[in-house]
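Residues per chain, in single letters:
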Amino acid sequence: MASIWQYANPKKFIQTTDRVLPWISGMAVVCLAVGLIWGFFFTPEDFRQGSTVKIIYLHVPSALMAINAWLMMLVASLIWIVRRHHVSALAARAAAPIGAVMTVIALATGAIWGQPMWGTWWAWDPRLTSFLILFLFYLGYMALWAAIENDDTAADLTSVLCLVGSVFALLSRYAVNFWNQGLHQGASLSLDKEKNVADVFYHPLLVSIAGFVLLFIALVFLRTQTEIRARRMRALLARERLQ
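- Per an unreviewed UniProt entry, the protein chain is named Heme ABC transporter permease, and its organism is Lutimaribacter degradans.

### So, helix α1 (residues 10-41)
It helps to recall that an α-helix has 3.6 residues per turn; residues three or four apart then point in one direction.
Moving on, step 1. With 32 residues, α1 extends 43 Å from end C-alpha to end C-alpha; this agrees with the ideal 46 Å at 1.5 Å per step.
Moving on, step 2. Along α1, the residues classified as buried are F13, I14, T16, T17, L21, I24, A28, C31, L32, G35 and G39.
Moving on, step 3. On its buried face, α1 sits against α2 (56-83), α3 (86-118) and α6 (199-242).

### With respect to empty space enclosed by the protein
Moving on, step 1. What the rule picks out here adds up to one cavity of 30 Å³ or more.
Moving on, step 2. For the lining of the largest cavity, the elements supplying multiple residues, two or more each, are α3 and α5 (151-178).
Moving on, step 3. Classifying every residue of the lining of the largest cavity gives five nonpolar, one polar and three charged.

### Observations concerning a nonpolar patch on the surface
Moving on, step 1. Residues V30, V34, I37, W38, F40, F41 and F42 make up a contiguous nonpolar surface patch of about 710 Å² in total accessible area.
Moving on, step 2. Within the secondary structure, W38 sits in helix α1.

How each quantity is defined
- Residues numbered from 1 in each chain as written.
- Predicted model: local features only at pLDDT ≥ 70, side-chain atom pairs only at ≥ 80, totals over all residues.
- Heavy atoms only, no water.
- Helix = DSSP H or I, 4+ residues; strand = E, 2+ residues; numbered from the N terminus.
- Expected span 1.5 Å × (residues − 1).
- Buried < 20%, exposed > 50% of the residue type's maximum accessible area, 1.4 Å probe, protein only.
- Contact = heavy atoms within 4.5 Å.
- 1 Å grid on protein atoms, 1.4 Å probe; cavity = no way out; pocket = protein on both sides within 12 Å on 5 of 7 lines; lining within 4 Å.
- Points joined across faces, edges and corners; volume = space filled by probe spheres on them.
- Nonpolar A, V, L, I, M, F, W, Y, C, P; charged D, E, K, R; others polar.
- Patch = residues over 30% accessible without salt bridge, like charges linked within 9 Å, V, L, I, M, F, W, Y side chains within 5 Å.
- Areas by Shrake-Rupley, 256 points an atom, 1.4 Å probe, with all protein chains shown as cover.
- Salt bridge = Lys/Arg side-chain N within 4 Å of Asp/Glu carboxyl O.

Here is the structure:
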């Protein structure tokens, strides 16, 4: 069986992702269309939250992806630190703007959902606050990449930042478990079936989550290809300046 490290070769990575991107993108579109249409138009209103509960089909998937995008960046950064594969560093860089957008969607939809439930658009709730800090880490990560001209130095420093920010990614996921106070409800998805949302909301939610996951993978592949080509271009320009 071929080693997974063969995909650390930029040419091999681009060739492979070029083949799978159309399929992943197509599946993402289908899952998002089915999940969101099913959730918004073919599920009943909740007896307590009314129609506002339907924002769950945007809020929960985006929140999950905001956290898991950072964890994916953590894994890619660790690979860079240990094995010095440029594709992993560039994949982490490619994922950051996507994760930041997911965090913004989660914060915005959470505010829209929370206002009629809590009577306020924002509260310094443990999970909300840790999510806001996670967003600031995303901004800092992207700014650090942009501020440093040498790609290897930027990859080293952003990898360290990614390690530190992972604490807040985990806090964003488990803040409700760490602190009992706060307005935010418990997790909508759980291994304990009794803690899950009702099945009528649960199944379209799973489809929406699948759509967000596939969309994230497709965008990361596409943006990583772009980062690889941009790095090649910078290397060629630097070589020309030396001649």
